[in-house]
Amino acid sequence: THFGFETVSEEEKGGKVYQVFESVAKKYDVMNDMMSLGIHRVWKDLLLWKMHPLPGTQLLDVAGGTGDIAFRFLNYVQSQHQRKQKRQLRAQQNLSWEEIAKEYQNEEDSLGGSRVVVCDINKEMLKVGKQKALAQGYRAGLAWVLGDAEELPFDDDKFDIYTIAFGIRNVTHIDQEAHRVLKPGGRFLCLEFSQVNNPLISRLYDLYSFQVIPVLGEVIAGDWKSYQYLVESIRRFPSQEEFKDMIEDAGFHKVTYESLTSGIVAIHSGFKL
Ligand code: SAM
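Residues numbered from 1 in each chain as written. Predicted model: local features only at pLDDT ≥ 70, side-chain atom pairs only at ≥ 80, totals over all residues. Heavy atoms only, no water.

Visitor: Residues and numbers for the sheet that holds strand E6 (residues 253–260), please.
Guide: Strand order in the open sheet formed by 7 strands is E3-E2-E1-E4-E5-E7-E6, and the pairing between neighbours is mixed. With partners counted over all chains shown, the strands left at the sheet margins are strand E3 (142–146) and E6, one partner each. Direction aside, neighbouring strands of the sheet carry axes that sit 15° apart on average. Sheet analysis places strand E1 (residues 58–62) next to strand E2 (residues 115–120), joined by 5 bridges and oriented parallel. Each residue of the ladder has a partner; that of Val 62, found in E2, is Cys 119. Sheet strands touched by helix H6 (residues 123–136): E2 and E3. Its angle to E3, the strand with the most contacts, is close to 165°. (Pairing = 2+ DSSP bridges. Helix = DSSP H or I, 4+ residues; strand = E, 2+ residues; numbered from the N terminus. Axes fitted to C-alpha atoms, helices over the stretch in contact; angles between N-to-C directions. Contact = heavy atoms within 4.5 Å.)

Structure representation (structure tokens):
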């Protein structure tokens, strides 16, 4: 079984995807904000809420690009971990909140052992991600690995959670790999464009996708074709239910999904038992 849903040949697809992301890497974040009117940020935040990672979680973010999911993960576990530690400190040592805040000013690694590995096939995307990490002060608990989702350079049973956000469309065979690298009990989470379930939104969405997105691509990134490909690949992606079946066929259990923004995107979740 595999998540093979596109009709282009693998060789053709691999080359095309690489070119697309190489040519857009530098403008990637700007384009994301422009094209989604900033909403991709909310979708990614929601993925984190759904994941609700505990301190100590080992996350693999595949097709992680410029690190959006990884940075959110680090923020999330840090705030969770610190909240818990601060409550304990206050209870044990009877410190005031001001005194506790001072204790944490120089805290280096406050992640409680959590770690995220960003894996992407495109070194330009990773380069932009690393620069962002430096600029925004993310150091601990973060690693960048160049690698193919279809042949992940990791051992079996290694991660607690596997995420892939807006990346699965580009990958033909990822199921065995996602399943392989997850520990038993580990969770697969996918954020991806899906099928719009509201007729009015669907009309507007079509208009926007086919008329506006390629124009934005041309104006901002000088690249009409890449953005046309993007819109087409979104349309070829299976519906929420079809994709759920594929995840189940790949061996995951308790597969569920949640449609966001009238189904423009969906988050699918499944467990390796
Ligand atoms: N996850 C990031 C986000 O949500 O902002 C980036 C998503 S971006 C639309 C898709 C990413 O998938 C690109 O960075 C691209 O290089 C990567 N990608 C495409 N094919 C891949 C593959 N076979 N293995 C790993 N990454 C791949």
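Visitor: How would you sum up unusual backbone geometry? Please name residues and give values.
Guide: If you check the backbone angles, Ala 63 has positive phi at about 55° while not being a glycine. Phi at Lys 254 takes a positive value of approximately 50°, unusual for a residue other than glycine. Position of Lys 254 relative to the elements: it lies in strand E6.

Visitor: Summarise the packing of helix H2 (residues 28–36) against helix H3 (residues 39–51); cite the residues concerned and give the values.
Guide: Where H2 meets H3, the closest approach of the two axes is 7 Å, and the angle between their N-to-C directions is 100°. Overall, the two elements H2 and H3 adopt an arrangement that is roughly perpendicular. Along its contact with H2, which presents Asn 32, Asp 33 and Ser 36, the element H3 presents Ile 39, His 40, Arg 41 and Lys 44. (Parallel < 35°, antiparallel > 145°, perpendicular 65-115°, else oblique.)

Visitor: Before we move on, can you summarise the pattern of salt bridges with the specific residues and values?
Guide: Per the stated rule, a full pass over the model turns up 14 salt bridges. Of the charged contacts, one joins Lys 132 and Asp 29 as a salt bridge, the two residues approaching to 3.2 Å between their closest N and O atoms. Taken as a pair, Lys 132 in helix H6 and Asp 29 in helix H2 lie far apart in primary sequence, 103 residues in all. For Lys 50, the salt bridge is made with Glu 258, and the minimal N-O distance between the two is 3.1 Å. Of this pair, Lys 50 sits in helix H3 while Glu 258 is found in strand E6, placing the two residues 208 residues apart along the sequence. Judged by its relative accessible area of 24%, Lys 50 is partly exposed. (Salt bridge = Lys/Arg side-chain N within 4 Å of Asp/Glu carboxyl O. Buried < 20%, exposed > 50% of the residue type's maximum accessible area, 1.4 Å probe, protein only.)

Visitor: Tell me about the site of the ligand, and name the residues and values.
Guide: Taken together, 19 residues are adjacent to the ligand, and Ala 63, Asp 120, Asp 148, Ala 149 and Ala 165 come closest. Note that a nitrogen atom of the ligand is positioned 3.3 Å from one of the backbone N or O atoms of Ile 121. Within the backbone of Ala 149, an N or O atom sits 2.8 Å from a nitrogen atom of the ligand. Protein contacts shield 97% of the accessible area of the ligand, which totals 600 Å² for the unbound molecule. (Near = heavy atom within 4 Å. Polar contact = N/O pair within 3.5 Å; in protein donor to acceptor, adjacent residues only side chain to side chain. Areas by Shrake-Rupley, 256 points an atom, 1.4 Å probe, with all protein chains shown as cover.)

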